[in-house]
Amino acid sequence: LPGLAAFHSVVAMDTTTLGLPAPGFVASKVYGLWSSLRRAVAFGLIALGAMVVQRRKARAVVGPLVVEEVFRAGPRLAPIVGFLGAALGVLFVGQTAALLDSVGASNLTGPLLVTVVIRELGPLVSGLVVLARVGASSVIELGAARAMGEVEALEALGIDPIHYLVTPKVIGFTLAVGCLTTYFIVIAILSGYAFAFTRGLPVTFEAFVGEIARALDWIDFPLLMIKTAVFGAFTGLVVCYHGIARPIRLEAIGGATAGTVATCVVGCLLIDGCFIPLYLLL
Amino acid sequence: VSAPIVEFFAVSVGNSRHGAPLVPDIDWSVHEGDCWVVTGSQESGKSTLLQTAAGLRAPLSGQILWWGDPAPAGDARAVAWRRRIGMVFDGEGRLFRSMSVAENIALPLAYHENIPLAAALEKVKPLIAACHLESEAGRMPGRLNRGAARMAAIARAMALKPEILFIDDPFAGADPVQSRICRRLIGDLAKGHPWFGGRPLTLVLSAASIRPWIEIGRQFAVARAAGWRTFADPDELMTSEDTTVHKLFSMDSDD
């Protein structure tokens, strides 16, 4: 059982010092950033390890929690993601298709939409919606549970807080971002075509979809799955890290929530950047 | 003499490694069937001591053994070990606020036996009845008064049938009726409760007042920065010349 004991070691890292002389402002900031990064990475690895090692444990209890998180971060966000997909379809897909057609470059419609909507905006928008609508509230929930001593109560009952609280959120967010991304892409393309059609685009729906299908490579599908999974898991881990990894007071939960949103936005953009060489090489 | 469950060897407990210990140099052993009442003034370190004895906090110094061994770490034995120790926290017992009282009580059973929560709820019905929580079972913890919340926390700790139960300040915030129910339950636990198959449960309680526990407690201890002191039976406590004990008794009389 790695989580229960490892959880303490992550918390204990807060109190470790290097025993060096008092650093200057820049050095202390750099060391602070390094410590935070080290703690976060350690927490992430412990949580992922606990998910693997304890995958068969208490499934009757953890399974429904996973389903609940998937529903909370997935179907319940379908309206807002559908709205964003439709808006993007009208604002970008429809106008781009019409514009490219008017300059005689309709052969670029497929590659452009695949690059912008399927590879980039789909996963990013879905990940950010999950973060904003569910991630932020989850930090508050977990932070309150930590501040009110519920995490210690779980430990006292022999329930690994990482297994019980973190695993459902990470799995739920991972699956939900993947599903929402697919939904977002479909809505964006359909509404985009509908908008372009109303503007008099002389392309059939089959030809429009055919353009996109031709621009898609087989590698797009596994990479899209991996990217959405990484976005979801990263968001879930950051949310749980800020919520329960360290002792927190009730008045500090607001700051932790803001920190979570900032970390996730920057982190998702950096992760997104890591995929660009893969798309270019493959 | 029965086998020791918890043994303290020169243990100091406190909240911070950088500050002075709240209770220094504790040599203490809790044996099977004991019913210890740890008393002391406010902020004397009773809660910290109980959490340390329950293995939820590391001591500042010294060694603690449970059933003759240090706390296991990092494997399934740690979970099995943890299930043998029950802990009821102070305040409102740290119930899970997103669950009803009944779900709070059923959760540990559902988790460790890998059964659905609904099945565990059926199993804990006798426990809910034994703790007089039938009318509160469907309520959320935020809607309970403090005394009922503490009874629910005791029931939750009993759900796994631990071998030793630590209860931090059982009467905190309870009205006289709830205090009487709680005292009767703890008395039954010490003598042998049907939920535990009639086996007397080893208990360690912390209490700011001594008097309510004279009839139930079998051993007593005073936690204080000046030094840990134990009393083998109620008579020794009652006849003690210890100034802290006198002070605590006189405070009870004032109340």
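Refer to the preceding data block for the structure.
This structure is a prediction, so every number in the text was calculated from the model and none was measured. (Residues numbered from 1 in each chain as written. Chains lettered and ligands numbered in written order. Predicted model: local features only at pLDDT ≥ 70, side-chain atom pairs only at ≥ 80, totals over all residues. Heavy atoms only, no water.)

### Some thoughts on the pattern of salt bridges
Applying the stated criterion across every chain yields a total of 17 salt bridges over all chains. As a salt-bridge pair, Glu122 of chain B and Lys125 of chain B come within 3.1 Å of each other at their nearest N and O atoms. Look at Lys125 of chain B and you get partly exposed, because its relative accessible area is 48%. Between Arg224 of chain B and Asp242 of chain B there is a salt bridge, with its nearest N and O atoms 2.8 Å apart. In this pair, Arg224 of chain B sits in the loop between strand E8 (219-222) and strand E9 (229-231) while Asp242 of chain B sits in the loop between helix H8 (234-238) and helix H9 (243-254), placing the two residues 18 residues apart along the sequence. No difference in accessibility class separates Arg224 of chain B from Asp242 of chain B, as the two residues are buried. Connected through shared salt-bridge partners, Glu69, Arg72, Glu141 and Lys169 of chain A make up one network. (Salt bridge = Lys/Arg side-chain N within 4 Å of Asp/Glu carboxyl O. Buried < 20%, exposed > 50% of the residue type's maximum accessible area, 1.4 Å probe, protein only. Helix = DSSP H or I, 4+ residues; strand = E, 2+ residues; numbered from the N terminus.)

### Some remarks on the interface of chain B and chain A
Across the contact, 24 residues belong to chain B and 27 residues belong to chain A. Between chain B and chain A lies a buried interface of about 2,000 Å² when both sides are counted; carbon and sulfur atoms form 66% of it. Three residues stand out in chain B for area buried against chain A, namely Phe96, Arg97 and Tyr111 of chain B, and they jointly supply 34% of the buried area on that side. For the interface between chain B and chain A, the tally reads one salt bridge. One salt bridge in this structure joins Glu150 of chain A and Arg97 of chain B, with 2.5 Å as the shortest N-O distance. The interface formed by chain B and chain A holds five residue pairs in polar contact (both at pLDDT 80 or more) in total. Mapped by element, the contributors of at least two residues to the side of chain B that touches chain A are helix H2 (76-83), strand E5 (85-88) and helix H3 (101-113) of chain B. (Contact = heavy atoms within 4.5 Å. Buried area = accessible area lost by both parts, 1.4 Å probe. Polar contact = N/O pair within 3.5 Å; in protein donor to acceptor, adjacent residues only side chain to side chain.)

### A look at the packing of helix H4 (residues 78-102) of chain A against helix H7 (residues 161-198) of chain A
Residues and elements named next belong to chain A. Following both chains from N to C, one finds H4 and H7 inclined at 40 degrees, their axes separated by 6 Å at the closest point. The orientation of H4 with respect to H7, classified from their angle, is oblique. Between H4 and H7 lies a crossing of right-handed hand. Residue composition of the contact of H4 with H7, by class: 15 nonpolar, seven polar and no charged. (Axes fitted to C-alpha atoms, helices over the stretch in contact; angles between N-to-C directions. Parallel < 35°, antiparallel > 145°, perpendicular 65-115°, else oblique. Left-handed = near helix turned anticlockwise from the far one by under 90°. Nonpolar A, V, L, I, M, F, W, Y, C, P; charged D, E, K, R; others polar.)

### As for the layout of surface pockets
The volume enclosed by the second largest pocket comes to roughly 700 Å³. Taken together, 26 residues form the lining of the second largest pocket, with Leu65, Glu68, Tyr164 and Leu165 of chain A together with Ser98 of chain B sitting closest to its centre. Residue assignment for the lining of the second largest pocket shows that the elements contributing at least two residues are helix H3 (59-73), helix H5 (109-147), helix H6 (150-156) and H7 of chain A together with H3 of chain B. Top element by residues in the lining of the second largest pocket is H3 of chain A. It accounts for seven residues. Its residues assigned to classes, the lining of the second largest pocket comprises 17 nonpolar, one polar and eight charged. (1 Å grid on protein atoms, 1.4 Å probe; cavity = no way out; pocket = protein on both sides within 12 Å on 5 of 7 lines; lining within 4 Å. Points joined across faces, edges and corners; volume = space filled by probe spheres on them.)

### What to know about the nonpolar core
Residues Trp28, Met158, Phe166 and Leu203 of chain B are the most contacted members of the largest nonpolar core, which totals 154 residues. Discounting chain neighbours no more than four positions away, the residues touching Phe166 of chain B are Val6, Leu50, Ala53, Ala54, Ile85, Gly86, Met87, Val88 and Val204 of chain B. (Core = buried A, V, L, I, M, F, W, Y, C linked by side-chain atoms within 4.5 Å.)

### Brief notes about a nonpolar patch on the surface
A cluster of nonpolar side chains, namely Trp34, Leu37, Val41 and Leu45 of chain A, defines an oily patch on the protein surface of about 440 Å² accessible area. With respect to the helices, strands and loops of the structure, Leu37 of chain A is situated in helix H2 (residues 25-53). (Patch = residues over 30% accessible without salt bridge, like charges linked within 9 Å, V, L, I, M, F, W, Y side chains within 5 Å. Areas by Shrake-Rupley, 256 points an atom, 1.4 Å probe, with all protein chains shown as cover.)

### Side note on H3 of chain B
All names here are of chain B. Given a rise of 1.5 Å per residue, 13 residues ought to cover 18 Å, and the 19 Å separating the end C-alpha atoms of H3 matches this to within 8%. Of all the bends found along H3, the most pronounced is centred on Leu107 and spans about 35 degrees, while Pro108, a proline, follows it within four residues. Taking burial as the measure, the 13 residues of H3 include eleven buried ones, the bulk of the element. Along H3, the residues classified as buried are Val101, Ala102, Asn104, Ile105, Ala106, Leu107, Pro108, Leu109, Ala110, Tyr111 and His112. (Expected span 1.5 Å × (residues − 1). Bend = angle between axes of the 7 residues up to and from the residue.)

### A word on empty space enclosed by the protein
Applying the stated criterion across every chain yields a total of three cavities of 30 Å³ or more. Here the largest cavity defines a volume of roughly 40 Å³. Along its surface, the largest cavity is lined by Ala156 and Leu157 of chain A together with Arg82, Arg83, Ile85, Gly86, Ala157, Leu160 and Pro162 of chain B.

### So, the side chain of Ser240 of chain B
All names here are of chain B. Residue placement: Ser240 occurs in the loop between H8 and H9. Overall, the relative accessible area of 6% leaves Ser240 in the buried class. Other than its neighbours up to four places away in sequence, Ser240 contacts Arg229, Phe231, Val245 and His246.

### Some remarks on the sheet that holds strand E1 (residues 4-13) of chain B
Residue and element names in this part refer to chain B. One open sheet holds the three strands; their spatial order is E2-E1-E4, and the pairing between them is antiparallel. The open sheet has two edge strands, strand E2 (23-31) and strand E4 (61-66), and neither has a second partner. Within this sheet the neighbouring strands show an average axis-to-axis angle of 5 degrees, counted without direction. In terms of strand pairing, E1 meets E4 through five bridges, oriented antiparallel. Considered in E4, the bridge of Ser12 is made with Ser61. Relative to the sheet, helix H1 (residues 46-53) contacts E1, E2 and E4, its axis offset from that of E1 by approximately 130 degrees. (Pairing = 2+ DSSP bridges.)

### Section: the environment of Thr48 of chain B
All names here are of chain B. On the secondary structure map, Thr48 appears in helix H1. For Thr48, a relative accessible area of 7% puts it in the buried group. Considering only alpha carbons, one finds Thr48 and Ser179, 131 residues apart in sequence, at a separation of 23 Å. Excluding anything up to four places from it in sequence, Thr48 contacts Val13, Gly14, Asn15, Leu22 and Arg57.

### What to know about the packing of aromatic side chains
Enumeration according to the criterion identifies ten aromatic pairs over all chains in this entry. Geometrically, the ring pair formed by Phe171 of chain B and Trp213 of chain B is stacked, given 4.7 Å between the ring centres and 25 degrees between the ring planes. In this pair, Phe171 of chain B sits in the loop between strand E6 (164-168) and helix H7 (176-191) while Trp213 of chain B sits in the loop between strand E7 (202-207) and E8, placing the two residues 42 residues apart along the sequence. Look at Phe171 of chain B and you get buried, because its relative accessible area is 18%. By relative accessible area, which is 2% here, Trp213 of chain B ends up buried. Taken together, the ring pairs connect Tyr193, Phe197, Phe205 and Phe208 of chain A into an aromatic cluster. Above the plane of the ring of Trp67 of chain B lies Arg84 of chain B, whose end atom (NZ or CZ) is 3.9 Å from the centre. (Phe/Tyr/Trp six-rings, centres within 6.5 Å; stacked < 30°, edge-to-face > 60°. Lys NZ or Arg CZ within 6 Å of the ring centre and 35° of its normal.)

Remember, this is a structural readout, not a statement about activity or role.
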